[in-house]
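Structure at a glance
Next come the chains, spelled out residue by residue.
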Amino acid sequence: MNAAAGRFAPLYTGAVIARRRAFVMGIVNLTPDSFFDGGRLPDPEAARDHALALAADGADILDLGAESSRPGAAPVTPEAEMARLIPVLDLLRDCPVPLSVDTYHAATARAALDRGAAMINDISALRFDPEMAAVVADRGCPCVLMHMRGEPRNMQANPQYGDVVADIGAFFEERIAAAERAGIRREQLWLDPGFGFGKTPEHNLILLKHLGEFCRFGLPVLIGTSNKSTIGHVLNVDIGDRGEGTAATVAASVLAGAHAVRVHDVRAMARVTRMAEAILYAGVC
């Protein structure tokens, strides 16, 4: 096993599932154009302070992203991504919780892991950069495989599915097999069905309703619904008024078996998560 595996061990499949407590993943956006909070962290020090505040509020993991994946977003180069990310990672070397890095660039992943990151969160499920699988295999780090139709810049252009749950399940089967062929151990993999990524509001609601079906793979399931447009569509509310809707989707996700929820408002959603778990495990020894 890779020498760094001890750092990653709490995020491997066996440890995550045995934990019986969902991770709360706090979002740290280092981009100027993310859909909810782009541009709110103008410098590395502000990003560090925000990250540490999320950890104090109850985040179990922090997910740092330096390229926006909002609908219509244009890609950025690995160099631009690293220019935003690396100074923040350097300031978070003593962070009390594991750091995940949201990237599909192998060069960024390699640099982040060198600076102590514990997980790679790849929205392309290892498809966009042919070198990413080798980095994950070589380093032995946990890696999230997310489902998305197309790319962020075109993913919302009339997305269609025969059966959204079955289609995502087939995608996961193919991506897990591809990862294992590349030398990645199954215990390193997490799955994210990609709420809001190449899906209509109806698709998103259906996959959330049937989220538990993705637990059949025996891998941790991560879900990110926080403040997304489907909530605005259902409740007819603006982006700054989606807290209650987010709470409902987080509770539904935990009750369906999600192993991690990715959120902006860690303090409130950690409470929602713990309450949902109290219901889920009531009477269970």
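The text that follows walks through the structure, step by step, so that each part is easy to find. (Residues numbered from 1 in each chain as written. Predicted model: local features only at pLDDT ≥ 70, side-chain atom pairs only at ≥ 80, totals over all residues. Heavy atoms only, no water.)

Let's talk about the pattern of salt bridges
Per the counting criterion, the structure on display carries 16 salt bridges. We note a salt bridge from Arg175 to Glu174, for which the minimum N-O separation is 2.8 Å. Looking at Glu174, the relative accessible area reads 39%, which means it is partly exposed. The network of salt bridges with common partners includes Arg19, Arg21 and Asp60. (Salt bridge = Lys/Arg side-chain N within 4 Å of Asp/Glu carboxyl O. Buried < 20%, exposed > 50% of the residue type's maximum accessible area, 1.4 Å probe, protein only.)

Here we look at the packing of aromatic side chains
Per the counting criterion, the structure on display carries 5 aromatic pairs. When the ring of Tyr104 is compared with that of Phe128, the centres are 5.2 Å apart and the planes differ by 85°; the resulting orientation is edge-to-face. Of this pair, Tyr104 sits in the loop between strand E3 (99-102) and helix H5 (106-114) while Phe128 sits in the loop between strand E4 (119-122) and helix H6 (132-139), and the two are 24 residues apart along the sequence. According to the relative accessible area criterion, Tyr104 is buried, its value standing at 12%. Assessed through its relative accessible area of 30%, Phe128 is described here as partly exposed. Between Phe172 and Phe214, the ring centres sit 5.7 Å apart and the planes meet at 85°, which makes this aromatic pair edge-to-face. Of this pair, Phe172 sits in helix H7 (residues 164-181) while Phe214 sits in the loop between helix H8 (201-209) and strand E7 (222-223); the two residues are 42 residues apart in sequence, bridging distant segments of the chain. Each member of the pair, Phe172 as well as Phe214, carries the same accessibility label: buried. One aromatic cluster is present, formed by Phe171, Phe172, Phe214 and Phe217 through successive ring pairs. A cation over a ring is seen here: Arg19 above Phe23, with NZ or CZ 3.9 Å from the ring centre. Positioned above the aromatic ring of Tyr281, the side-chain terminus of Arg20 is 4.8 Å from the ring centre. (Phe/Tyr/Trp six-rings, centres within 6.5 Å; stacked < 30°, edge-to-face > 60°. Helix = DSSP H or I, 4+ residues; strand = E, 2+ residues; numbered from the N terminus. Lys NZ or Arg CZ within 6 Å of the ring centre and 35° of its normal.)

By themselves, these observations are geometric and do not establish any function.
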